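# Structural characterization, general
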Amino acid sequence: MPDINNIHNLKLEYKYIEDSQTAWNPNGVEGCNEENFLRNNKGVDKSIFNALDINKDGYITESEYKLTCYMDKNQDGVVTEKERSQACMNQMKIFARRGIDKWFKVDKNRDGFGSNVEWKSWETYNNNGKTLEGAMSNDELAKKYNLKEEIINDIQGWLDGEIEELKQDAKNLYGVELSKKQIIELKKEQIKQLNTWLFKEGDNEDSSFYQQLNLDAYTRLMSTVDGEACCGGDICELAGFSPSDLEKNGKYTAKDMKSRLAWAENSYKVDDNGKTIYDINGATISTKMMTKKQVEMYKQIVESTTGESWDSDNWEVSQEQWSEICEKINGTYGDDTRLNGKTRADIPENRQALLRFLEEKGWLYEQFK
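Below is a short write-up of the structure. (Residues numbered from 1 in each chain as written. Predicted model: local features only at pLDDT ≥ 70, side-chain atom pairs only at ≥ 80, totals over all residues. Heavy atoms only, no water.)

### With respect to the packing of aromatic side chains
We count it as follows: Two rings from Phe, Tyr or Trp (for Trp, the six-membered ring) form a pair when their centres are within 6.5 Å of each other. A pair whose planes differ by under 30 degrees is stacked, one over 60 is edge-to-face, and the rest are tilted. Helix and strand assignments follow DSSP, with helices taken as H or I runs no shorter than four residues and strands as E runs no shorter than two, numbered in order from the N terminus. Residue burial is assigned from relative accessible area. The probe radius is 1.4 Å, only protein chains are included, and a residue is buried under 20% of its type maximum, exposed over 50%, and partly exposed in between. Distance and angle both matter: a charge sits over a ring if NZ of Lys or CZ of Arg is within 6 Å of the ring centre and within 35 degrees of the ring normal.
One pass over the structure, following the stated rule, counts 17 aromatic pairs. Centroid distance Trp103 to Trp119: 6.2 Å. Interplanar angle 70°. Geometry classified as edge-to-face. Placement of Trp103 in helix H4 (residues 81–106) and of Trp119 in helix H5 (residues 116–127) is noted, with a sequence separation of 16 residues between them. We classify Trp103 as buried; its relative accessible area is 1%. A relative accessible area of 23% places Trp119 in the partly exposed class. Between Phe113 and Phe357, the ring centres sit 5.1 Å apart and the planes meet at 75°, which makes this aromatic pair edge-to-face. One end of the pair, Phe113, is in strand E4 (residues 113–115); the other, Phe357, is in helix H15 (residues 352–361), and 244 residues separate them in sequence. For Phe113, a relative accessible area of 28% puts it in the partly exposed group. Judged by its relative accessible area of 3%, Phe357 falls in the buried class. Grouped by ring-pair contacts, the aromatic residues Trp103, Trp119, Trp122, Tyr125 and Trp158 constitute a single cluster. Looking at Lys105, its charged tip hangs above the ring of Tyr210, at a distance of 4.9 Å from the centre. Here Lys200 stacks its cationic end above the ring of Trp197, 5.5 Å away from the centre of that ring.

Shown next as structure tokens:
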């Protein structure tokens, strides 16, 4: 693949791509095709277009262009293979850790195994964006589903599947074919995050928002682009603020944050076919997508970050503070140092099952043996 020269000086004309709607971009995607690219950038070789079109669909999207500029770490206008590979691995390591966190959305009792009850809950999560089951325990779910809990599998198949997805992500997002050495690095990252989970104590209604919140509410708490569902959930109701204010203004106001919470907390009822349900007067029927405790948890996360009372109107959230809020929502805040100085004796009682599982698999860090 050629080095991409003078990428910061290119002119790209983005136009709507037909049939480009996806769960991640429900309003469709805009891109620059080869004809417009070459017309607007006289003297630029076609190979540059091909290098920028990372997923090889015939268009350079704004996200692909921004990603290429991001890979140019020293801002010299040239993306080298080393820069491309390093940027790719940085992102794939984040995805690898994220895959472990996602597993524990399935494995709600954190023992390394997936049961019929847990997989039923995962199915509900994926099919009902407004479900309030996320904070329920396995015993509560088993009673609700009328199931006797039985183990089906362990995390091994999940890990293997995640690696295959990472290989595809590296190729589609960065144009990188992961080497055997890089794949080993990513597996090490998975093992590290599994060991980190020995010290993530919160379960059920005390777990992170990522672990317990439904898809629609979570998406509304995290989206930062107008009209774009960053996490795949439903954002159809009026937000009451502009999610892109953070990029446009460098901050969210207290009013923005309160509107965001209201947006995430409230929706309207739909039937099993996804059609809106109306009352006898023809009005939509509101429904809650967050529990009272989840609402209070969000307020506490914001207060702990800003140092200000939620009820006040005289505070703002900066870009740096927003990043911290997102880490707290995801349950990853402090992960970088969570294992520092820890020994086996520090592992809490509700992680002993995970400890035994990691030990039996040979994945337990030496400091915990």
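That covers the picture; the talk isn't over yet.
### As for the sheet that holds strand E3 (residues 59–61)
In plain terms, the rule: The rule for pairing is simple: two strands pair if DSSP sees at least two bridges between them. We call two residues in contact when some of their heavy atoms are within 4.5 Å. Think of each axis as a best-fit line through the C-alpha atoms, taken over the contacting stretch in the case of a helix, with angles from 0 to 180 degrees between the N-to-C directions.
Strand order in this open sheet of three strands is E1-E2-E3, and the pairing throughout is antiparallel. The strands lining the two open edges of the sheet, one partner per strand, are strand E1 (15–16) and E3. Both strand E2 (residues 30–33) and E3 contribute to a ladder of three bridges, which runs antiparallel. Bridge pairing in E3 places Asn33 opposite Tyr59. Where helix H3 (residues 62–71) meets the sheet, it contacts E2 and E3, and its direction lies at approximately 70° from that of E3.

### What to know about the pairing of E2
Here two bridges tie E1 to E2, and the two strands are oriented antiparallel to one another. Residue pairing across strands places Tyr16 opposite Glu30, the latter belonging to E2.

### Here we look at the pattern of salt bridges
Note the threshold: Between Lys or Arg on one side and Asp or Glu on the other, a salt bridge is scored when a side-chain nitrogen of the former is within 4 Å of a carboxyl oxygen of the latter.
Scanning the model with the defined rule gives 29 salt bridges in all. Across the pair Lys93 and Glu185 runs a salt bridge, and its minimum N-O distance is 3.4 Å. Of this pair, Lys93 sits in helix H4 while Glu185 is found in helix H8 (residues 180–196), placing the two residues 92 residues apart along the sequence. Ionic pairing is found between Lys258 and Asp313, a salt bridge with its closest N-O pair at 2.7 Å. Of the two residues, Lys258 is situated in helix H12 (residues 254–265) and Asp313 in the loop between helix H13 (292–306) and strand E9 (316–318); the sequence distance between them amounts to 55 residues. Here Lys258 falls in the partly exposed class, since its relative accessible area comes to 22%. Because the salt bridges share partners, they merge into one network encompassing Glu13, Lys15 and Arg39.

### Some words on H12
Note the threshold: Multiply 1.5 Å by the residue count of a helix minus one, and that product is the helix's expected span.
With 12 residues, H12 should reach 16 Å at 1.5 Å per residue; the first-to-last C-alpha distance of 17 Å fits that figure. Burial within H12 is extensive, with nine of its 12 residues counted as buried. The complete set of buried residues in H12 reads Ala254, Asp256, Met257, Ser259, Arg260, Leu261, Trp263, Ala264 and Glu265.

### Section: H5
The end-to-end C-alpha distance of H5, which contains 12 residues, comes to 16 Å, matching closely the 16 Å that a straight helix rising 1.5 Å per residue would cover. When H5 is considered as a whole, its buried residues turn out to be Asn116, Val117, Glu118, Ser121, Trp122, Thr124 and Tyr125.

### What to know about the nonpolar core
So the rule is basically this: Residues grouped as a nonpolar core are buried Ala, Val, Leu, Ile, Met, Phe, Trp, Tyr and Cys residues, joined through side-chain atoms within 4.5 Å.
Within the largest apolar cluster, 33 residues are counted, with the highest numbers of intra-cluster contacts made by Phe209, Leu221, Met257, Met290, Tyr298, Trp322 and Ile329. Those residues in contact with Tyr298 that sit more than four places away from it in its chain are Phe209, Leu221, Met257, Arg260, Leu261, Trp310, Trp322 and Ile329. Core analysis: the next-biggest nonpolar cluster, separate from the first, contains 28 residues, Ile7, Leu10, Met71 and Cys88 among them.

### Section: the environment of Asp203
To be explicit about the condition: Here a polar contact is taken to be a pair of N or O atoms separated by no more than 3.5 Å, where protein atoms must pair a possible hydrogen donor with a possible acceptor and residues adjacent in sequence count only if both atoms sit in side chains.
Following the sequence through the fold, Asp203 ends up in the loop between H8 and helix H9 (209–212). Spatially, the C-alpha atom of Asp203 lies 13 Å from that of Asp101, the residues being 102 residues apart in sequence. Engagement of the side chain of Asp203 in a polar contact is seen with the side chain of Arg351, the distance being 2.8 Å.

### Remarks on the packing of H12 against H13
The cut-off we apply is this: Angles are sorted into four bins: roughly parallel if under 35 degrees, roughly antiparallel if over 145, roughly perpendicular if 65 to 115, and oblique for all others. Handedness of a helix crossing follows the sense of rotation of the near helix relative to the far helix, less than a right angle counterclockwise being left-handed and clockwise being right-handed. Residues are grouped as follows: nonpolar covers Ala, Val, Leu, Ile, Met, Phe, Trp, Tyr, Cys and Pro; charged covers Asp, Glu, Lys and Arg; every other residue, Gly included, is treated as polar.
The N-to-C vectors of H12 and H13 enclose an angle of 155°; their axes lie 11 Å apart at closest approach. With respect to H13, the axis of H12 lies roughly antiparallel. Handedness of the crossing formed by H12 with H13: right-handed. Contacts between H12 and H13 involve Met257, Arg260, Leu261 and Glu265 from the first element and Val295, Tyr298, Lys299 and Val302 from the second. Residues belonging to the contact of H12 with H13 are distributed by class as follows: five nonpolar, no polar and three charged.

### Side note on the side chain of Arg338
Looking at the secondary structure, you find Arg338 in the loop between helix H14 (319–330) and H15. Side-chain polar atoms of Arg338 contact the side chain of Asp335, separated by 2.8 Å. Those residues in contact with Arg338, other than ones at most four positions away along the chain, are Thr196, Phe199, Lys200, Gly331, Thr332 and Tyr333.

### Quick word on unusual backbone geometry
You will see that Asn146, though not glycine, has its phi angle at about 60°, which is positive. With respect to the helices and strands, Asn146 occurs in the loop between helix H6 (138–145) and strand E5 (151–154). If you check the backbone angles, Asn204 has positive phi at about 55° while not being a glycine. On the basis of relative accessible area, Asn204 is assigned to the partly exposed category, the value being 22%.

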